[in-house]
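Notes for the structure review
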Amino acid sequence: GQQVMQIPQYQHVQEGEDFTTYCNSSTTLSNIQWYKQRPGGHPVFLIQLVKSGEVKKQKRLTFQFGEAKKNSSLHITATQTTDVGTYFCADRVLGGTSYGKLTFGQGTILTVHP
Amino acid sequence: SQTIHQWPATLVQPVGSPLSLECTVEGTSNPNLYWYRQAAGRGLQLLFYSVGIGQISSEVPQNLSASRPQDRQFILSSKKLLLSDSGFYLCAWSRDRGRDYGYTFGSGTRLTVV
């Protein structure tokens, strides 16, 4: 089945530094969703990217979908301690009997040092 | 507005005992429902999903089963728990056939099998 690889596994940054996590697939992704999970919490939906080359921004967060729809990235500018958590990408199946099913990457654990 | 309820929040069960985790969704009809397991705070593994009452799809062979007795109720069960069943269990819902919506997760159940 579809596999979504996410790197890095861990990222430690000083507050104010930038952070990027990457999501890659050997096959074309249907669409990409990004989630954030705070320590001890549950994943929370951030955004969905559908179109090739799409770029979306949410305040300090920038999400990109590759031109070939085989990769995606999440970039955080000037990290804050509130950004701590695990960031997941997920590919959403759009057709057939598995419609709506998400395949998650392994996640990137972000630690921000004040 | 839509809400998802999952209980209990934590559970410690002996090996060989039965399990029943319940998830209910309010404020929507005919949702797609999902059970995920997260081990060691990392990736999310899809266990079961359901697109309607009585319709259950299993993703991995395991010691667990799922049922959907009502439109907005999803139950995860086991007749005899194994040590390897320990983990963080998350229920989620998404809109049926909606392209632009992410999953909404419940707050999860931390299961420890001893």
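Read on for a plain summary of the structure. (Residues numbered from 1 in each chain as written. Chains lettered and ligands numbered in written order. Predicted model: local features only at pLDDT ≥ 70, side-chain atom pairs only at ≥ 80, totals over all residues. Heavy atoms only, no water.)

Considering the interface of chain B and chain A
Contacts between the two partners involve 25 residues from chain B, matched on the other side by 28 residues from chain A. At the boundary of chain B with chain A, total buried surface from both sides reaches about 2000 Å², with 47% on carbon and sulfur atoms. Summed over the shared surface of chain B and chain A, the result is one salt bridge. Lysine 101 of chain A is paired through a salt bridge with glutamate 59 of chain B; the nearest N and O atoms lie 3.1 Å apart. For the interface between chain B and chain A, the tally reads six residue pairs in polar contact (both at pLDDT 80 or more). Among the elements of the structure, strand S4 (32-38), strand S5 (44-52) and strand S9 (87-94) of chain B are those that each provide at least two residues to the side of chain B that touches chain A. Taken together, the residues of the side of chain B that touches chain A break down into 10 nonpolar, eight polar and seven charged. (Contact = heavy atoms within 4.5 Å. Buried area = accessible area lost by both parts, 1.4 Å probe. Salt bridge = Lys/Arg side-chain N within 4 Å of Asp/Glu carboxyl O. Polar contact = N/O pair within 3.5 Å; in protein donor to acceptor, adjacent residues only side chain to side chain. Helix = DSSP H or I, 4+ residues; strand = E, 2+ residues; numbered from the N terminus. Nonpolar A, V, L, I, M, F, W, Y, C, P; charged D, E, K, R; others polar.)

Topic: the state of the cysteines
Where two cysteines share a covalent bond between their sulfur atoms, that bond is called a disulfide. All names here are of chain A. Applying the stated criterion across every chain yields a total of two disulfides over all chains. Covalently, cysteine 23 is tied to cysteine 89 through a disulfide, its sulfur atoms 2.0 Å apart. The S-S bond linking cysteine 23 to cysteine 89 shows a torsion near 75°; that makes this disulfide right-handed. In this pair, cysteine 23 is assigned in strand S3 (residues 19-24) and cysteine 89 in strand S9 (residues 85-92), connecting sequence segments 66 residues apart. (Disulfide = S-S within 2.5 Å.)

A few points about the pairing of S4 of chain B
All names here are of chain B. Across the seven residues that make up S4, a large majority, seven, are buried. Pairing analysis gives seven bridges linking S4 to S9, with the strands arranged antiparallel. In the sheet register, tyrosine 34 faces S9, and the bridge partner there is alanine 92. Judged from the six bridges that link them, S4 and S5 form a sheet pairing that is antiparallel. Bridge pairing in S5 places tyrosine 36 opposite leucine 46. (Buried < 20%, exposed > 50% of the residue type's maximum accessible area, 1.4 Å probe, protein only. Pairing = 2+ DSSP bridges.)

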